[in-house]
Protein chains: 2
Amino acid sequence: MLDHQASWDRLFHALSDPHRRAMVQRLTHGPASVSELAKPLPMSLAAVVQHLQVLQAAGLVRSEKVGRVRTCQLDPHGLRAAEDWLKDQRTTWERQLDRLGDLLAEEQ
Amino acid sequence: MLDHQASWDRLFHALSDPHRRAMVQRLTHGPASVSELAKPLPMSLAAVVQHLQVLQAAGLVRSEKVGRVRTCQLDPHGLRAAEDWLKDQRTTWERQLDRLGDLLAEEQ
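Nothing here was measured: the structure is a model prediction, and the numbers come from that model.

A. Summary view of the environment of Trp-93 of chain B. Along the chain, Trp-93 of chain B turns up in helix α5 (residues 76-107). A C-alpha to C-alpha distance of 20 Å links Trp-93 of chain B and Glu-106 of chain B, two positions 13 residues apart in sequence. Setting aside anything within four residues of it in sequence, one finds Trp-93 of chain B in contact with Leu-27, Thr-28, Leu-74 and Pro-76 of chain A.

B. Region of interest: a negative patch on the surface. On the surface, Asp-98, Asp-102, Glu-106 and Glu-107 of chain A cluster together into a patch of negative charge. For Asp-98 of chain A, the location among the structural elements is in helix α5 (residues 76-107).

C. Main features of the pairing of strand β3 (residues 69-74) of chain B. Residue and element names in this part refer to chain B. Where strand β1 (residues 32-33) and β3 come together, 2 bridges link them in antiparallel fashion. Residue Ser-33 lies in a different strand from β3, and its bridge partner there is Thr-71. Note: strand β2 (residues 61-66) against β3, 6 bridges, orientation antiparallel. Directly across from Lys-65, in β3, lies its bridge partner Arg-70. Counting the residues that bridge the hairpin from β2 to β3 gives 2 residues, and of these Gly-67 lies at a positive phi of roughly 65°.

D. Spotlight on the interface of chain A and chain B. Facing 31 residues of chain A, the contacting portion of chain B comprises 31 residues. Where chain A abuts chain B, roughly 3000 Å² becomes buried across the two surfaces, and 62% of that area is made up of carbon and sulfur atoms. For the salt bridge of Glu-83 of chain B with Arg-90 of chain A, the shortest nitrogen-to-oxygen distance reads 2.7 Å. Where chain A packs against chain B, one counts 10 residue pairs in polar contact (both at pLDDT 80 or more). It is α5 of chain A that provides the largest number of residues to the side of chain A that touches chain B, a total of 14 residues.

Rules used throughout
Residues numbered from 1 in each chain as written. Chains lettered and ligands numbered in written order. Predicted model: local features only at pLDDT ≥ 70, side-chain atom pairs only at ≥ 80, totals over all residues. Heavy atoms only, no water. Helix = DSSP H or I, 4+ residues; strand = E, 2+ residues; numbered from the N terminus. Contact = heavy atoms within 4.5 Å. Patch = residues over 30% accessible without salt bridge, like charges linked within 9 Å, V, L, I, M, F, W, Y side chains within 5 Å. Areas by Shrake-Rupley, 256 points an atom, 1.4 Å probe, with all protein chains shown as cover. Salt bridge = Lys/Arg side-chain N within 4 Å of Asp/Glu carboxyl O. Lys, Arg positive; Asp, Glu negative; His and termini not counted. Charge placed at Lys NZ, Arg CZ, Asp CG, Glu CD. Pairing = 2+ DSSP bridges. Buried area = accessible area lost by both parts, 1.4 Å probe. Polar contact = N/O pair within 3.5 Å; in protein donor to acceptor, adjacent residues only side chain to side chain.

From the geometry alone we can't say anything about function, so treat these as descriptive.
Written out as structure tokens, the structure is:
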């Protein structure tokens, strides 16, 4: 789990952009260089690098530079943290519904 | 699943604010009036209403006005859609890792 509200802010903010989500989706199929990531996107390489920085700060992507090529890969921790937060909310809500159902059944 | 990229933008953007996440967390425990939702939050009622509008547009919250009281409740579709998107990415990535593992095992 993430420690601070700011980490959750960064994580969900990173996912709120269609190009950043496209980058995450691309990286689920395996690592890619920055130029490979940029290829299908309608923007400059500089803009891609900025989006990558947002994804890295959010814990969704890691990158490493070997020689002149920077290779990016998915960081599963960010995805899992976001999924866990949502699952926690859903299960709390479902438990609450079940309790209400039990109360109604008892009253009848 | 949501139809348009803009729907995903709205959904993850709605979750990127700590006060909106606090409202979602409160509503997992059951419906609440707008003033009940506002009580623990360090902001004006008008600001709370604005946040609620963002949550409603994202499909995370529904509200209904009966008499003079507007009651809000969690809309589970938004939470589930976001959770499903994240799960899809994670399972694609895990399948890719498994394939890599198989390839390495075959080579040895």
